[in-house]
Each structure stands twice: as C-alpha cells, then as structure tokens.
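# Understanding the architecture of this molecule
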Amino acid sequence: MSIEHRYKGMSRIELKKFRFVYDGVFSLKGFLGAFYSYLESQDYCSRVDEKKFDEGFYLQQDTAKGKNLQIWWRVEKDWWLSPKKASMYRVDLNITIFVRGMKEVEFLKDGKKQKADKGEIEIELSGNRIVDPKGTWADHKWLKKHKDFIFETLFQKRNDASFGWVFGEIAGVHKFLKEYFRTPGSEGSRTMEEYGSKRPQE
C-alpha cells in the first residue's frame with residue numbers, strides 16, 4: 001500500500017526521515033530478527049498478534065553482482081489518553097530496507113568457518129505523527145466540531161508532547177541501528193534464534 005493511499009483522509013505530519021547505510025559483512029537473517037525483536041520490545045509488533053506487523057512488500061532480484069532486496073515494514077503504535085479511552089495520537093514508522101550486491105562469504109571464528117553475508121544494506125525510515133488515528137474524535141456527534149480546539153488549545157501540552165514522543169521513537173530506532181552495526185563484521189555469526197524470534201511471513 002502506498003503511503004499516500006494509507007493516509008488518505010487522515011491528519012498526518014512526517015516529522016523526520018533518515019537513511020542509515022552499512023557496507024560490509026553482516027547477517028541479513030540475524031539483522032531482520034534483531035530489528036523485529038527491537039520493534040517488538042517497543043510494542044510495534046507482536047508474535048501473538050500478527051496483525052500488528054505489516055511486511056507490505058518484499059522483492060528479491062538475483063544479479064551477477066549479488067542479490068538485491070527491497071523490504072517494506074509498516075509499523076505503528078498508539079498514544080492513549082488513558083488505557084480505557086480513545087487514542088489521541090499514533091506514531092507510524094515506515095521502514096524500507098534495501099540490500100544491494102549481497103553475497104555469501106566465509107570467515108573464521110574461534111578456529112571454525114562461519115558463513116555470513118557481504119554487501120550494502122540501507123535502512124530508510126520516515127516517522128509520522130497521526131492525530132485521532134481511529135477517527136474517534138472526528139466522528140463524535142459534538143466533539144468533531146471542536147476537534148481542532150480540543151487538540152491544539154485545550155490539550156496543547158499533550159499536543160506539544162506528542163511531537164517529542166514521536167521524535168524519541170525515531171531516535172530509538174536510529175540508536176538501535178548504530179549499536180547493531182557498530183563493529184564492522186561482528187554480526188556475521190548472529191542468528192535469528194539468538195534473539196528468540198523468527199522473521200514474520202517467511
């Protein structure tokens with residue numbers, strides 16, 4: 001689903017977009033497992049509720065220079081006024097993973113041969129703040145007339161805080177990526193099983 005179609009009729013602000021690129025030795029399976037586990041720890045997805053995770057697109061091409069892949073992950077998380085009341089805001093992370101020229105390589109670890117992937121991996125992320133994601137306020141018989149006043153004036157502090165919340169979520173992903181790839185070549189021996197997870201829809 002395209003981003004434009006996904007947000008049709010919704011109040012959306014794209015707050016930040018970044019690209020993270022790593023070129024070297026890594027484990028694609030291990031990285032995807034670790035990334036999924038991180039998102040799960042932040043309540044963006046769940047192995048119990050498969051509907052919380054959307055791998056909207058997967059493309060693999062084999063070329064003379066290696067495998068090229070493109071993967072879309074679309075995840076979201078609500079910010080509630082209270083546990084039993086309507087969601088006021090939602091953060092959406094639109095993640096696109098590009099892998100270019102990936103080939104299998106071997107390396108030695110503790111005197112034993114290990115297999116890993118080598119190539120370029122790029123993660124592109126856009127973080128979006130959604131107001132009234134389920135339309136609860138907009139569809140209410142009298143609240144809908146005062147929605148803008150409620151969110152921008154009456155709940156101004158919450159409205160302002162929601163921006164910081166979304167920026168914090170985006171920063172968390174960036175930090176995870178930097179920490180995961182901090183030591184070139186160190187990820188080759190990691191496997192998905194080490195993270196207690198498996199790649200969804202595989």
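Remember, it's a predicted structure, so these values are computed and weren't measured experimentally.

Here is what the cut-offs are and how they apply
Residues numbered from 1 in each chain as written. Predicted model: local features only at pLDDT ≥ 70, side-chain atom pairs only at ≥ 80, totals over all residues. Heavy atoms only, no water. Core = buried A, V, L, I, M, F, W, Y, C linked by side-chain atoms within 4.5 Å. Buried < 20%, exposed > 50% of the residue type's maximum accessible area, 1.4 Å probe, protein only. Contact = heavy atoms within 4.5 Å. Helix = DSSP H or I, 4+ residues; strand = E, 2+ residues; numbered from the N terminus. Expected span 1.5 Å × (residues − 1). Phe/Tyr/Trp six-rings, centres within 6.5 Å; stacked < 30°, edge-to-face > 60°. Salt bridge = Lys/Arg side-chain N within 4 Å of Asp/Glu carboxyl O.

## A short note on the nonpolar core
The tendency in soluble globular proteins is for nonpolar side chains to be buried as a group. The biggest cluster of nonpolar side chains holds 39 residues, and the ones touching the most others in it are Phe31 and Ile97. If we skip the residues at most four places from it in the chain, Ile97 touches Phe31, Leu32, Phe35, Leu69, Gln70, Ile71, Trp73, Ile121, Glu122 and Ile123.

## Some words on helix H2 (residues 28-41)
Compared with the 20 Å implied by 1.5 Å per residue over 14 residues, the 20 Å span of H2 between its first and last C-alpha is a close match. Within the sequence span of H2, burial applies to Leu28, Gly30, Phe31, Leu32, Gly33, Ala34, Phe35, Tyr36, Ser37, Tyr38 and Leu39. Downstream of H2 by a residue or two, Asp43 has a phi angle that is positive, lying close to 70°.

## Let's talk about the environment of Asn94
By the element assignment, Asn94 lies in strand S4 (residues 87-109). Here Asn94 falls in the buried class, since its relative accessible area comes to 4%. Here the alpha-carbon distance between Asn94 and Asn128, two residues 34 residues apart in the chain, equals 8.1 Å.

## Focus on the packing of aromatic side chains
Per the counting criterion, the structure on display carries 12 aromatic pairs. With 4.9 Å between their ring centres and 40° between their planes, Phe57 and Trp72 make a pair best called tilted. Of the two residues, Phe57 sits in strand S2 (residues 54-63) while Trp72 sits in strand S3 (residues 66-80), which places them 15 residues apart along the sequence. Classification of Phe57 as partly exposed rests on a relative accessible area of 29%. Aromatic pair Phe176 and Tyr180: ring centres 5.9 Å apart, planes at 35°, arrangement tilted. Of this pair, Phe176 and Tyr180 both sit in helix H4 (residues 156-180), 4 residues apart, which is roughly one turn of the helix. Of the two residues, Phe176 and Tyr180, neither departs from the other in class, the shared state being buried.

## Examining the pattern of salt bridges
Evaluation of the coordinates by the stated rule reveals 8 salt bridges. A salt bridge links Arg100 to Glu122, with the nearest nitrogen and oxygen atoms 2.9 Å apart. With Arg100 in strand S4 and Glu122 in strand S5 (residues 112-131), the pair connects residues that are 22 residues apart, well separated along the chain. A salt bridge links Glu104 to Lys115, with the nearest nitrogen and oxygen atoms 3.8 Å apart. Linking Glu104 in strand S4 with Lys115 in strand S5, this pair joins segments that are 11 residues apart in sequence. For Glu104, a relative accessible area of 57% gives the class exposed. Under the relative-accessibility criterion, Lys115 is labelled exposed at 51%. When salt bridges that share partners are traced, they join Arg19, Arg100, Glu120 and Glu122 into one network.

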